[in-house]
Protein chains: 2
Amino acid sequence: MLSDMTIDLSFDAAVERDSSDVLARHRAKFSLPEDVIYLDGNSLGVLPVAVGERISRAVDAEWGQGLIRSWNSAGWTDLPATIGAKIARLVGADPDCLIVADSTSINLFKVISAALSLRADRTKIVTEAANFPTDNYIAEGVIKQCGDRHQLVHVASPADIPAALDDDVAILMLTHVNFRDGRMHDMAALTEAAHDCGALVIWDLAHSAGAMPVDLAGCDVDFAVGCGYKYLNGGPGAPAFLYAAKRHLGGHRQPLTGWFAHKNPFAFTPQYEAATDINQFLCGTPPVLSLVALDCALDVWSDVDLAALRAKSEALTDYFIALVEGRCNGHGLTLVSPRDAKARGSQVSFSHPDAGYAIVSALIAEGVIGDFRAPDILRFGFTPLYVSFADVWNAVDRLAGILVDRRWDNPEFHTRKKVT
Amino acid sequence: MLSDMTIDLSFDAAVERDSSDVLARHRAKFSLPEDVIYLDGNSLGVLPVAVGERISRAVDAEWGQGLIRSWNSAGWTDLPATIGAKIARLVGADPDCLIVADSTSINLFKVISAALSLRADRTKIVTEAANFPTDNYIAEGVIKQCGDRHQLVHVASPADIPAALDDDVAILMLTHVNFRDGRMHDMAALTEAAHDCGALVIWDLAHSAGAMPVDLAGCDVDFAVGCGYKYLNGGPGAPAFLYAAKRHLGGHRQPLTGWFAHKNPFAFTPQYEAATDINQFLCGTPPVLSLVALDCALDVWSDVDLAALRAKSEALTDYFIALVEGRCNGHGLTLVSPRDAKARGSQVSFSHPDAGYAIVSALIAEGVIGDFRAPDILRFGFTPLYVSFADVWNAVDRLAGILVDRRWDNPEFHTRKKVT
């Protein structure tokens, strides 16, 4: 292991770093359990304080009293766009090019279909073998539905992507930050490489939106999707978002042609006529209560400096690596995330040859929540708005204790449960 | 107009009927605005009293305190199935054949795709021209995505359906109760007719589930979809449900192949391998807060006798027709719903040649909420769990006043707003 010897690993130093943290004031916007150090905001973001009251208002006043009238009077009809505009600022998008709808998987189905319709003469979709599996599953689903005329090309490593781009590639589909190891792609360079061969790009921002600044418009991205429940803190299974470049609006087709995607949903015309704006990517009636939670959750971002967010994210993850390598040496943990902070997202993953699941379970039992990803990954997310340097220090302190005393070596920590 | 002279139209008679209504006790389970008579539960059901507290618990305890652990400890992972089982009882389904997911439109996309894969040698989908437009839009979307090899046949009237069924029909897709006029199809007979020609059936139960007993298994239905926010009172845009007959589970394919539809979602295998049970019809991560509201809302049904529900529904709608025809005669209203209660759902629609929208707007302004459906339909839904005979009497009393005094003839009632 290589430790960064320039980082002071004392607890006092952690406290000192927290005292000069310009983002520290945002922690008060979140409702954090007292007995937990939460390093899993990349799975499910924590509850913003304001959401409880906002949801109660949506239930009691808007639904209970306003009833059907609230589609207009409470702005329910506009939620996909109004929430979209809040996310647009975080990912460098024109607000007219981003909407909130359905799940990430379903939105991916829409944009893959749309992109294929724009590159009808090409037959390849290039993805990474290490992409989040559901993204590749959805591409398989589109391909089967379209008559098995396309090929899903699984590239083995990021370095192999440019060589896979040829003039038969319709789509380069990548997740910006890898869910397993946190490796981050160069969005600008890969988008340009795809465009150079005439392909379109689709970026999945599940682990990027709210974790770092993203510049969709500046990178000339064609399509993007992302989820609302990780760094955006929108609540469990919060609706997802979808971005389409202005040049593609109206020019493609997507097959989930529900009434909300119609040019005039309430005319009830017998034939489908697609909206020519971003609404074409909506489908059916959206789940309003979940939308309202996401809408409210996004208000925490109104005064967040995204450059400061990224700086703290890099500092937290560097610090975590230095602490683990400094204090847990000799216990089988190997860093699998990039050592260079510029090359990774806001998470750090270590592998362990045989006890990864048990170590994560022991950590959770002792109040440090990270997660395990098969086959051997311990994954820790660092959300700069509410994770402190002292949290990181305390988490590693507990991890070191669990490893030294082998507290993970307990039958109760070996029973697998489902988590997302 | 024909009035039913056997119905006593006095207010005292309404009060008398309420006093002997075996379902009257259920009204206390709902939070009804005091100043409103709500005849729009077929658009958005009212708030069950228990939901507010249940949602607050999901937000504060499950999300806020439990965080990612609640996927297991609070049963979030199982919600699609546990809610599905509650709906299954209402629609005559084996609980293993029904799940809750996504929207009605998206679920329809899944089952149309699945049914086409099971009838790969056939090219027609038969629907009604008068079907809810989004259902036909979705069928168009599937057809385009599958290479325009299929034909969507729009049958003009219910009587023409049997003649449209030939050995090239893959799917007969119908909405059980028509959204505009409330006409109800004979599910058993049409399903049998479709099967006789080798076709599969898809029923949309949007206006049936919670409005009357439905017998999916008894009618040998292949697939069904329906929504959670009308008679099931699950809240605005509540997630939808999907039914597939046991014989079709595992034997088909549906293209929205998200990780929740995988045989082993958390193994993160590189290739998609479909679940062989009803979970194959899931897709991405579901919106938990909206699911929780629906789950709680369905508990009101635990002690509801569906035969009594249907009897009251028929009585309420018969009563409304008699009152309108008895008290609003000569003001241009024409019944467009079937006069025979056995042939209609739990709604009554009248047309008006030119002032339909304005009359509905005037009614809403005076606290009677129904809705307008283009081009000329005044639509009123009667939800037997919380609408009383006195409500019906008072609603028609106000309607009669609006018509007699032409209170609808006011510019403010002519500006169209969007509603769902």
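Residues numbered from 1 in each chain as written. Chains lettered and ligands numbered in written order. Predicted model: local features only at pLDDT ≥ 70, side-chain atom pairs only at ≥ 80, totals over all residues.

### As for the overall build of chain A
- Along the backbone of chain A there are 12 helices and 15 strands.
- Computed over C-alpha atoms, the radius of gyration of chain A comes to 22 Å, within 12% of the 22 Å expected from 2.2 N^0.38 for 420 residues, which places it in the range of a compact globule.
- Summarising its shape, the C-alpha atoms of chain A cover approximately 70 × 55 × 40 Å along the three principal directions.
- Expressed as a percentage of its 420 residues, the buried residues of chain A come to 57%. (Helix = DSSP H or I, 4+ residues; strand = E, 2+ residues; numbered from the N terminus. Rg over C-alpha atoms; globule rule 2.2 N^0.38 Å. Buried ≥ 20, exposed ≤ 12 C-beta atoms within 10 Å, placed from the backbone.)

### What to know about the sheet that holds strand β5 (residues 124-128) of chain B
Residue and element names in this part refer to chain B.
- Overall, mixed pairing links the seven strands, which are arranged β4-β10-β9-β8-β7-β5-β6 in an open sheet. Each edge of the open sheet is held by one strand with a lone partner, namely β4 (98-101) and β6 (151-155). Taken pair by pair, the neighbouring strands of this sheet meet at an average axis angle of 20 degrees, ignoring direction.
- Looking at chain direction, strand β9 (residues 223-226) and strand β10 (residues 240-244) are connected through four bridges and run antiparallel. (Pairing = 2+ DSSP bridges. Axes fitted to C-alpha atoms, helices over the stretch in contact; angles between N-to-C directions.)

### Some details on the sheet that holds strand β12 (residues 347-351) of chain B
All names here are of chain B.
- Taken together, four strands build an open sheet; the order of strands is β11-β12-β15-β14 and the sheet is antiparallel. On the outer flanks of this sheet lie β11 (334-335) and β14 (371-373), each paired with one strand and no other.
- Relative to strand β15 (residues 377-381), β14 runs antiparallel, the two sharing three bridges. Looking at β15, one finds that D371 is bridged to R379.
- Of the strands in this sheet, β11, β12 and β15 touch helix α10 (residues 306-327), which is tilted by about 25 degrees from β12. (Contact = placed C-beta atoms within 7 Å.)

### Topic: the relation of the copies chain A and chain B
- You can overlay chain A on chain B at an RMSD of 0.0 Å; the transform is a turn of 180 degrees with a shift of 0.0 Å along its axis. In symmetry terms, the pair is related by a two-fold rotation axis.
- Taken together, the interface assignments show that 100% of the residues at the interface of chain A recur at the interface of chain B, consistent with an identical surface on both copies. (Least-squares fit on C-alpha atoms with pLDDT ≥ 70 in both.)

### What about unusual backbone geometry?
- Cis rather than trans, the peptide bond between A374 of chain A and P375 of chain A has omega equal to 5 degrees.
- Position of P375 of chain A relative to the elements: it lies in the loop between β14 (371-373) and β15 (377-381).

### Re the domain arrangement of chain A
Residue and element names in this part refer to chain A.
- Looking at the assigned domains, one finds that chain A contains domain 1 (11-23 + 305-413) and domain 2 (52-302).
- Once you take the C-alpha centre of each, domain 1 and domain 2 turn out to be 30 Å apart.
- The partner domain 2 presents 14 residues to the 19 residues of domain 1 that form the contact.
- Broken down by secondary-structure element, the contributors of at least two residues to the side of domain 1 that touches domain 2 are α10 (306-327) and β12 (347-351).
- The element contributing the most residues to the side of domain 1 that touches domain 2 is α10, with five residues.
- A class-by-class count of the residues in the side of domain 1 that touches domain 2 yields nine nonpolar, seven polar and three charged. (Domains from an automatic or database assignment. Nonpolar A, V, L, I, M, F, W, Y, C, P; charged D, E, K, R; others polar.)

### Here's the deal with the interface of chain A and chain B
- Counting from both sides, the interface comprises 78 residues of chain A and, opposite them, 78 residues of chain B.
- When residues in the side of chain A that touches chain B are grouped by element, the largest group, 10 residues, is from helix α6 (residues 133-145) of chain A.
- Its residues assigned to classes, the side of chain A that touches chain B comprises 41 nonpolar, 27 polar and 10 charged.

### Observations concerning the packing of helix α11 (residues 356-365) of chain B against helix α12 (residues 389-404) of chain B
Residue and element names in this part refer to chain B.
- α12 packs onto α11 with a crossing angle of 125 degrees between their chain directions and a minimal axis gap of 10 Å. In terms of their interaxial angle, α11 and α12 are classed as oblique. Note that α11 runs across α12; the crossing there is right-handed. When α11 is examined against α12, the residues I359, A362 and L363 are found in contact with a partner set consisting of R398, L399 and I402. (Parallel < 35°, antiparallel > 145°, perpendicular 65-115°, else oblique. Left-handed = near helix turned anticlockwise from the far one by under 90°.)

### Overview of the pairing of strand β8 (residues 200-204) of chain B
Residues and elements named next belong to chain B.
- For β8, a buried count of five out of five residues is recorded, marking the element as mostly surrounded by other parts of the structure.
- Of the two faces of β8, the one carrying L200, I202 and D204 and the one carrying V201 and W203 are both buried.
- When strand β7 (residues 169-175) meets β8, the two strands line up parallel, connected through five bridges. Bridge pairing in β8 links M173 to I202.
- The parallel pair β7 and β8 is bridged by helix α8 (residues 187-196), and the resulting crossover is right-handed.
- Both β8 and β9 contribute to a ladder of three bridges, which runs parallel. Opposite D204, over in β9, you have V225 as the bridge partner. (Right-handed = clockwise from strand over helix to strand, strands pointing away.)

### Examining the environment of K263 of chain B
Residue and element names in this part refer to chain B.
- Within the secondary structure layout, K263 lies in the loop between β10 and α9 (288-297).
- Taking the number of C-beta atoms within 10 Å as the measure of exposure, K263 has 14 and is therefore partly exposed.
- Distance in space between the C-alpha atoms of K263 and R17 is 53 Å, their sequence separation being 246 residues.
- When neighbours within four sequence positions are excluded, K263 is seen to be in contact with E273, A274, A275 and T276.

### Points about the environment of H331 of chain A
All names here are of chain A.
- With respect to the helices and strands, the residue H331 is situated in the loop between α10 and β11 (334-335).
- Overall, the presence of 17 C-beta atoms within 10 Å leaves H331 in the partly exposed class.
- Each C-alpha atom, one on H331 and one on H352, is 8.5 Å from the other, the two residues being 21 residues apart in sequence.

### A few points about the pairing of strand β5 (residues 124-128) of chain A
Residues and elements named next belong to chain A.
- The element β5 is largely enclosed, with a buried count of five among its five residues.
- Residue alternation in β5 divides its side chains into two sets, K124, V126 and E128 and I125 and T127, and both sets are buried.
- The sheet contact formed by β5 and strand β6 (residues 151-155) spans five bridges and is parallel. Each residue of the ladder has a partner; that of E128, found in β6, is V155.
- Between the parallel elements β5 and β6, the chain passes through α6 in a crossover that is right-handed.
- Bridging between β5 and strand β7 (residues 169-175) involves three bridges; their strand directions are parallel.

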